[in-house]
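# Examining the three-dimensional arrangement
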Amino acid sequence: MIVLMAAKASAGQIADVVERVTKAGFSVRRSGMERVVLGVTGAGRAPTPDLLDGLSGIAEISVDGPEYRLVSRAFQAEDSQIDVGGGVVVGGERLVVMAGPCSVEDPETVNRVAASVAAAGAHILRGGAYKPRTSPYAFQGLGEEGLYLLRQAAAANGLLTISEVMEPSQIPLAAHYCDILQIGARNMQNFTLLRELGRSRRPVMLKRGPAATLEEWLAAAEYVAACGNPDILLCERGIRTFERATRNTLDLSAVPAVKARSHLPIVVDPSHGTGVRDHVLPMAKAAVAAGADAIIVEVHPEPERAVSDGAQSLRLEQFDRLMDELRPVAEAVGRTV
Ligand code: PEP
Ligand code: MN
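The model shown is predicted, which means the values in this text are computed figures rather than measured ones. (Residues numbered from 1 in each chain as written. Chains lettered and ligands numbered in written order. Predicted model: local features only at pLDDT ≥ 70, side-chain atom pairs only at ≥ 80, totals over all residues. Heavy atoms only, no water.)

### Here's the deal with the layout of surface pockets
- Empty space within the largest pocket amounts to approximately 530 Å³.
- Along its surface, the largest pocket is lined by 20 residues, and Thr41, Gly42, Ala43, Gly44 and Ala226 are the ones closest to its centre.
- Of all the secondary-structure elements, those providing two or more residues to the lining of the largest pocket are strand 3 (37–41) and helix 6 (214–226).
- Counting residues domain by domain, the lining of the largest pocket receives three or more from each of domain 1 (2–62) and domain 2 (82–332).
- Each pocket or cavity is described by its volume, and for the second largest pocket that value is around 230 Å³.
- Taken together, the residues that form the lining of the second largest pocket break down as 4 nonpolar, 6 polar and 9 charged. (1 Å grid on protein atoms, 1.4 Å probe; cavity = no way out; pocket = protein on both sides within 12 Å on 5 of 7 lines; lining within 4 Å. Points joined across faces, edges and corners; volume = space filled by probe spheres on them. Helix = DSSP H or I, 4+ residues; strand = E, 2+ residues; numbered from the N terminus. Domains from an automatic or database assignment. Nonpolar A, V, L, I, M, F, W, Y, C, P; charged D, E, K, R; others polar.)

### With respect to the coordination of the manganese ion (ligand 2)
- Looking at the metal site, the manganese ion (ligand 2) is ligated by Cys102 (SG), His272 (NE2), Glu298 (OE) and Asp309 (OD), spaced 2.1 to 2.4 Å from it.
- For the manganese ion (ligand 2), the single-chain donor residues occur in sequence as C-x169-H-x25-E-x10-D. Here the residue Glu298 occupies a position in strand 14 (residues 294–298), and Asp309 occupies one in the loop between strand 14 and helix 10 (316–332), the gap between them amounting to 11 residues.
- On the basis of relative accessibility, which here comes to 0%, the residue Glu298 falls in the buried class. (Donors = N, O, S within 2.8 Å, 3.2 Å for Na, K, Ca; no water. Buried < 20%, exposed > 50% of the residue type's maximum accessible area, 1.4 Å probe, protein only.)

### Here we look at helix 3 (residues 144–156)
- Its 13 residues give helix 3 an end-to-end C-alpha distance of 18 Å, which sits within 8% of 18 Å, the value for a rise of 1.5 Å per residue.
- All buried positions along helix 3 are accounted for by Gly146, Leu147, Leu149, Leu150, Ala153 and Ala154. Taken around the axis of helix 3, the buried residues stretch over an arc of 165 degrees, which confines them to a single face. Along helix 3, the residues that are exposed and aim more than 90 degrees away from the buried face are Ala155 and Ala156.
- Looking at the packing, one finds that the buried side of helix 3 touches helix 2 (107–120), strand 8 (124–126), strand 9 (160–164) and helix 4 (171–177).
- Downstream of helix 3 by one or two residues, Gly158 has phi in the positive range, about 65 degrees. (Expected span 1.5 Å × (residues − 1). Arc of directions from axis to C-beta. Contact = heavy atoms within 4.5 Å.)

### Section: the domain arrangement of the chain
- Here the chain is partitioned into domain 1 (2–62) and domain 2 (82–332).
- Using only C-alpha atoms to locate each centre, domain 1 and domain 2 end up separated by 36 Å.

### A word on the packing of aromatic side chains
- Per the counting criterion, the structure on display carries 2 aromatic pairs.
- Centroid distance Tyr148 to Tyr177: 6.4 Å. Interplanar angle 85 degrees. Geometry classified as edge-to-face. Of this pair, Tyr148 sits in helix 3 while Tyr177 sits in helix 4, placing them 29 residues apart in sequence.
- Among the residues examined, Tyr148 registers a relative accessible area of 41% and is labelled partly exposed.
- Assessed through its relative accessible area of 12%, Tyr177 is described here as buried. (Phe/Tyr/Trp six-rings, centres within 6.5 Å; stacked < 30°, edge-to-face > 60°.)

### Observations regarding the sheet that holds strand 10 (residues 180–183)
- Spatial strand order, 7-8-9-10-11-12-13-14: 8 strands in a closed barrel with parallel pairing. On average, each strand axis in the sheet is tilted by 25 degrees relative to the strand beside it, whichever way the strands run.
- Both strand 8 and strand 9 contribute to a ladder of 3 bridges, which runs parallel. Its bridge partner being in strand 9, Ile124 is matched across the sheet by Leu160.
- Helix 5 (residues 191–199) contacts strand 10 and strand 11 (204–207) of the sheet and is inclined by roughly 165 degrees relative to strand 10. (Pairing = 2+ DSSP bridges. Axes fitted to C-alpha atoms, helices over the stretch in contact; angles between N-to-C directions.)

### Thoughts on the site of ligand 1
- Near ligand 1 you find 13 residues, and of these Arg126, Gln182, Ala185, Lys207 and Arg237 are the closest.
- In this structure, Lys131 approaches ligand 1 through a side-chain N or O atom, which is 3.0 Å from an oxygen atom.
- At a separation of 2.8 Å, an oxygen atom of ligand 1 approaches a polar backbone atom of Ala185.
- When isolated, ligand 1 has an accessible area of 300 Å², and the protein chains bury 97% of it.
- Given that more than half its atoms are within 2 Å of the pocket grid, ligand 1 belongs to the second largest pocket.
- Broken down by class, the residue content of the shell around ligand 1 amounts to 3 nonpolar, 3 polar and 7 charged. (Near = heavy atom within 4 Å. Polar contact = N/O pair within 3.5 Å; in protein donor to acceptor, adjacent residues only side chain to side chain. Areas by Shrake-Rupley, 256 points an atom, 1.4 Å probe, with all protein chains shown as cover. Sits in = over half its atoms within 2 Å of the grid points.)

And the structure:
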């Protein structure tokens, strides 16, 4: 339920609403600059307007509508700007760039990639330590050692870190080593994981499921927000269609469509979105032109040798070129890199 307070509502009237709904066991989140908006949610049950009977200073109460409320534009009209640490803000004027290997493989490779992408201007180092692999026989990730190597390589080069968690038990360790926790496409509707990440204080990047509609994706983000964590980045990484020329179909129309519905920042992943190294640069530029707040790309010094996703990993010099070519596109849409 979203409660829009009257423009002239007093602090006391707002406090009365908050007290009434909290006493009834619901949680309240506040937003709005000129007019206060209160998002009222409950785990597994919905509040009804009669709860607020007799209270004053309320302009409007909306109960129906989409399955997401806290992440909706109705709840917060302004774009969210998410401070992910070290002065890096996603959703502001600066385009944020995340880059790194698909998997953390060994110290040499991750250090080489980190030094190279940092010199080219990336802000955040990516690298999987817990890998969701289609086959149980494929490389499954280095676990804690991978997280440690990622953090070391990032720290040595002034970068932040992002890595995927696949189950709740991995959250404390990953939160220790990483600035942002990634929920992979395959886990977009792992509700237990979403709830646990909602209780954690680390920013979360929620990838879109390969077969998820926008509404389902935003409802998944709502789980994280409803459990108390407002620091959510959405990541478009391609959806499954009939087309086989690319690994997935990168749905760039999701960028404006999400922005119309939600205040959360959006990241685009042209690596998983295309699966083809040579398609990453044009689609990264298109993503920025479409309004993406950040991009995430896979980079490897010797993609032929990569233990996962080599075919879509940029070579180091290709990443340099990507940064050079992104700058004028970013500027053309009013952003800096
Ligand atoms: C990844 O980022 O390497 C990954 C597995 O991504 P996705 O969940 O989008 O497939
Ligand atoms: Mn990958």
